[in-house]
Every structure is written in structure tokens, then in C-alpha cells.
Amino acid sequence: MPEAALLLENITCTFASNDGGKVGYTAVKNASLAIAPGEFVSVVGPTGCGKSTLLNVGAGLLAPSSGQVKVFGKPLHGVNHRAGYMFQGEALMPWRSALSNVTAGLEFAGVPAAQAQEQGREWLKRVGLGGFENRYPHQMSGGMRKRAMLAQTLIRDPDVILMDEPFSALDVQTRQLMENEVLDLWMAKRKAVLFITHDLDEAIAMSDRVVVLSAGPATHPIGEFDIDLPRPRDVAEVRTNPRFVELHKAIWDVLREEVLKGYAQQKRA
Amino acid sequence: MRFWQVLLLVIVLVAWHFASQDRNFAFFFGQPVGVAKVIWAWFVTNADIYRHLGVTLTETVLAFVIGTVAGLAFGLWLGLSRGASALLDPYITAANSMPRVILAPIFGMWFGLGIWSKVALAVTLVFFIVFFNVYQGVREVSTTLLDNARMLGANRKQLLRHVYIPSATSWVFSSLHTSVGLAFVGAVVGEYLGSASGVGYLILQAEGTLDVNTVFAGIVVLTLFALLLDGLVTVVEDRLLSWKPRAGETEKI
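Residues numbered from 1 in each chain as written. Chains lettered and ligands numbered in written order. Predicted model: local features only at pLDDT ≥ 70, side-chain atom pairs only at ≥ 80, totals over all residues.

**Student:** Requested: an account of the overall build of chain A, with residues and values cited.
**Tutor:** For chain A, the helix and strand inventory stands at eight helices and ten strands. Radius of gyration (C-alpha) of chain A: 19 Å, near the 18 Å computed for a compact globule of 269 residues. Its C-alpha atoms give chain A principal-axis dimensions of about 50 × 50 × 40 Å. Classification of the 269 residues of chain A by burial places 44% in the buried group. A fraction of 70% describes how many contacts in chain A between residues 6 or more apart in sequence connect residues 24 or more apart. (Helix = DSSP H or I, 4+ residues; strand = E, 2+ residues; numbered from the N terminus. Rg over C-alpha atoms; globule rule 2.2 N^0.38 Å. Buried ≥ 20, exposed ≤ 12 C-beta atoms within 10 Å, placed from the backbone. Contact = placed C-beta atoms within 7 Å.)

Printed below as a string of C-alpha cells:
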């Protein structure tokens, strides 16, 4: 088996409790996950189960309490520079125009301005924002900002792409358009993707593999499903495929119990 | 609206004029015509205010620049360094609560009666305003923005330059209107407490001879220049913060 693009080994994350007590909150416990180069993996789980924690560990933004992260076989220390991260919230710098937001990563890497701008324009066109180079984020709609964020992440040509519910704030139509766009871009480049979502339909429609996480605390993977639907896919059409329905039922059987557990815990809290 | 605003001013001036026909009233409140005459003499016939105005404005600008730069630097430093801010926190609170005008005589001793004692006093006023705003601004930079910049490969220096400083700048500007006014106040109060030139000195002199008209003329001139400085800040602000959404601005998609 070739070396995983991103390997999480026995990750445990315990956060110190706010009141300074001894008992911390263990969000993730003994979680292991491997993503092969070129593989599109989705992680689904009930809300608040520590999906984002796992992603932040993979990004190197959060050091795990125990366990190890390996990127293409090398142990990760500090920020994962081979990864691009598309955040759930607003991550564009509001004082930069769309173009200069997209080129930020190149600028940080010391790419000459002219070359960065040329690439930036190209990427803006690719995500459907040609002609919007000089807009500031507040002058763009939510969908446009997500496109700009996508271009900002992908322009660096990362080998691992991490996405944290990137489209959860979008309306259904915009969302399906974006999902298809991401799939097209991914098909062209075939990078490893770790995609976090709470939407099972989205996970199945886009991925090669879906990993189900248990309800928190002490989240860990409890099921893995290979999605053997043919590609290229259209996220709207694939939902009517009988195999999609089968997979959905199989995964939902596992997920439902966790969702109920998570819900019960939140109600108690 | 402009018309009504001007009308209000005219009504007040006319009322003042007629009320000041009374000698007693005029003694305490001056006369608008007299005030205008003093201003005219200052700027045109005698042309002797320019030196004083120049001194006051120099002090203001120096204090404003020094205070802002120091506040920005210090605010960034403390905002980014948890240890330093924990150590210095009580002293900063104490220094800020101290009525700083009281420092004027000490600054007089340290820096003499020239412009630098006034600059020092005004700097103490400006510094804290800018400092607290930057400190707050740095602390409240969105973590998503920071994480995103880090994932895009920004090192510490680039984070400072591309995330912390632009983010703090918007906070600084919200404080600049206040601080430019305070720089002016510091300069004038400093002059008032001991000097040989400046508009504050002119006012002090006039008070010594119970020349109310000149006092009012000084106040009017100071007010006009304070408005002017404020206007300049607005111009610079509009230029530098063009990325900020304005209230009520429709978003053209």
C-alpha cells in the first residue's frame, strides 16, 4: 500500500476545562484515519462530535494530546504546509480585494507579484469570479466568498485538501453547484481530500469513502463505507442512483444511533 | 438641513449680539463683533497669530504622531505577548486612571517651557487611547482569519503585517478622531499652564487682562482648527479603509 497522504494515528485530544479543574474534556479519543493520495474521504458524525478537532489536528493547527500525524510518511510538526484548508466560517481578509485574497498564499511564499496576479486571475475565472477581482469580501455574496475561498486554498496546489463543512452556510442550489465544481476541480487534479460534513447526502455524493464518527465526547471512527458509485458524478443526479439509496441506508443505520446519542447528550447539558 | 444649521448659528450670534449691548453682559460674555475684530486683527491687520498657531499645531501634530506610533507599537506588542500583558496589566490600568494633566508641571521641569513639555503632555493623552484600541483589536482578530493565513503559509512576520496590523488599523482609526482632539487639548492645556507662545498662551494672557473678547476669539480659532484636523483624519480614513462596509451601503453584486 502506498504511503498515506495524511495519516492520523491514535489521536486523542483532551481540552483543559474552563474552570481549571482536573477533569478535561476529551473530544477525540484513539481516532485513526488514513487518506491515500488522490482519495476523497468524507467524515460524517453528529453535531459537536469533534469533527473539526480532527481536521485541525490534520492541519497541524492543533497538537493532539497523544497520537501522531504523518504527512506522506513524515511526522507532522507545526502547521501542515502540504495541506490547504477551507474553513467553515469567513476566512477572507476583509481588507483585501478578491484577487489579492486569492493570491495571498503565493505572496506569502514569495512568488513575484505579476506571476501571482496572473495565476490569481486564472483561478478567479476558474471558480466563476472573472471580473470580480477588485471586489472586497463585503461586496460579495456568501456563495461568491466561498468560491474565492476555494480559489485561495487551491491556488497553492496543496497535496492534501481539508474542508470543514465548507458549504453548510449556502442555500441548496448554490451548494449543489459548488459541490459539482469542487468535484470537477478534484477530478482534474486528484489530490487527497478530507471533507468534513454533517450532511450524509453530500458525503456519499462526493466521496470515495465515508467515515462515520461516534457521538462525542471521546469521538472515534465507528464505521467505514466504500462508495463505489461511478465517476464523474453529478451530485444532484447521483442521489437517484439505486446504489446511492442502498449506501445511504447502510450508513444511516450506523449514524442514526450516534445522532440520537449526541442529541440526548446535548439535551442533558 | 444645512440651511437650518446655518440659521441656528445666525440666531445664536444675533441673540448674543443684542444681549451684549448690555455692558455687564458684555463684560462676562464678550461681544460677537468684538470677537470678530480680534480674529480679523490676528489673521489680517496684525497677522501675529500665525506664530502662535504654528507652535500649537506643531505640538499637536508631534504629539499625535508620537502618541499614535507608540500606542500602535505598544498595543501590538502587549496584544501579542501574553506574558508581558499579564505582567504590566495593573500598571497600565493605573497609568490610564491617573489624571494626566497633573503631569504638566513635571514635564515642564523635565523638558523646559518650550514645545516639548506640551508634546509630552499631549502624548500621554493620545497614547492610551490608541494603545487600548490596538490592544483590543489585536486580541479580537478572528481566529479563523489567523488560522487561514497560517495555513496559506504566512510566517510570524507576515501574520503581523497582513493580519494583525490591518485588523488593528481599523480599530486605530475609530480612535483617531478622539485622539486628534486630545492631542490638541494636551497642547493647549500645556501652553495654558506655562509657556511663552501658542494659542493657549494667548488665551491665558487675555484672561490676565480680563479681555473676554480675545478669550472667545482664541476659543473660536481653536475650535475651527480642531474641526479641520478632524476633517483631515476623515479624509485619510476614507482613503485607507475603503474596504470597510459603510452602514446602509447597498452591495452591488
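**Student:** Mind laying out the sheet that holds strand β2 (residues 25-35) of chain A, listing which residues take part and the relevant values?
**Tutor:** Hydrogen bonds along the backbone pair up the strands of a sheet, which may run parallel or antiparallel. All names here are of chain A. Sheet architecture is open: four strands sit in the order β2-β1-β4-β5, paired in antiparallel fashion. Only two strands of the sheet have a single neighbouring strand rather than two, namely β2 and β5 (74-75). As paired strands, strand β1 (residues 6-15) and strand β4 (residues 66-71) are joined by five bridges and run antiparallel to one another. Paired with Thr12 across the bridge in β4 is Ser66. Seen against the sheet, helix α1 (residues 51-59) touches β1, β2 and β4 and runs at an angle of roughly 120° to β1. (Pairing = 2+ DSSP bridges. Axes fitted to C-alpha atoms, helices over the stretch in contact; angles between N-to-C directions.)

**Student:** Outline the interface of chain A and chain B, listing residues and values.
**Tutor:** Where the parts come together, the accessible area they lose is often given as the size of the interface. Counting from both sides, the interface comprises 24 residues of chain A and, opposite them, 17 residues of chain B. The residue makeup of the side of chain A that touches chain B, split by class, is 14 nonpolar, eight polar and two charged. (Nonpolar A, V, L, I, M, F, W, Y, C, P; charged D, E, K, R; others polar.)

**Student:** How would you explain the domain arrangement of chain A if you had to name every residue and give the values?
**Tutor:** Residue and element names in this part refer to chain A. When the domains of chain A are assigned, the result is domain 1 (1-82 + 161-166 + 192-269) and domain 2 (85-157). Here the C-alpha centroids of domain 1 and domain 2 sit 27 Å apart. Opposite the seven residues of domain 1 that make contact, domain 2 presents six residues. Examining the composition of the side of domain 1 that touches domain 2, we find that four residues originate from one element, strand β7 (residues 160-164), more than from any other. Its residues assigned to classes, the side of domain 1 that touches domain 2 shows five nonpolar, no polar and two charged. (Domains from an automatic or database assignment.)

**Student:** I'd like a description of the pairing of strand β3 (residues 40-44) of chain A, backed by residues and values.
**Tutor:** Residue and element names in this part refer to chain A. In terms of burial, β3 is a largely internal element, five of the five residues being buried. Taken together, the five bridges between β3 and strand β8 (residues 192-197) define a ladder with parallel strand orientation. Its bridge partner lying in β8, Val44 is registered against Thr197. Sheet analysis places β3 next to strand β9 (residues 209-213), joined by four bridges and oriented parallel. Residue pairing in the sheet places Val43 in a bridge with Val211 of β9.

**Student:** Lay out helix α9 (residues 156-192) of chain B in plain terms, naming residues and giving numbers.
**Tutor:** Residue and element names in this part refer to chain B. Here α9 spans only 46 Å end to end across 37 residues, well under the 54 Å set by a 1.5 Å rise per residue. Approximately 45° is the largest bend angle found in α9, and it occurs at Leu176. Trailing α9 by a residue or two, Gly194 shows a phi angle of about 155°, which is positive. (Expected span 1.5 Å × (residues − 1). Bend = angle between axes of the 7 residues up to and from the residue.)

**Student:** With reference to specific residues and values, describe the sheet that holds β7(A).
**Tutor:** Residue and element names in this part refer to chain A. Spatially, six strands are ordered β6-β7-β8-β3-β9-β10 in an open sheet, and the strand pairing comes out mixed. Both outer strands of the open sheet, β6 (83-86) and β10 (221-226), are each paired with one neighbouring strand and no more. Direction aside, neighbouring strands of the sheet carry axes that sit 15° apart on average. Note: β6 against β7, four bridges, orientation parallel. Paired with Ala83 across the two strands is Val160, which belongs to β7. Helix α8 (residues 242-268) contacts β3, β9 and β10 of the sheet and is inclined by roughly 180° relative to β10.

**Student:** Mind laying out the confidence of the model for chain B, listing which residues take part and the relevant values?
**Tutor:** For chain B, per-residue confidence averages 87 on the pLDDT scale, and 96% of positions sit at 70 or higher. Of all the helices and strands in chain B, helix α2 (residues 23-29) of chain B carries the lowest mean pLDDT, 85, while helix α1 (residues 2-19) of chain B carries the highest, 92. (pLDDT = per-residue confidence, 0-100.)

**Student:** Which residues make up the nonpolar core, and what values go with them?
**Tutor:** Membership of the largest hydrophobic core comes to 132 residues, with the highest contact counts inside it found for B:Val126 and B:Ala183. Sorting elements by how many residues they give to this core places helix α7 (residues 115-139) of chain B first, with 16 residues. Looking at which domains feed residues into this core, each of domain 1 (1-82 + 161-166 + 192-269) and domain 2 (85-157) of chain A supplies at least three. (Core = buried A, V, L, I, M, F, W, Y, C linked by C-beta atoms within 7 Å.)

**Student:** Explain unusual backbone geometry to me, and be specific about the residues and the numbers.
**Tutor:** All names here are of chain A. With omega at -5°, the peptide bond leading from Arg231 into Pro232 counts as cis. Of note, Pro232 is situated in the loop between β10 and α8. Its identity as a non-glycine residue notwithstanding, Asn30 has a phi of 45°, on the positive side. Here Asn30 lies in strand β2.

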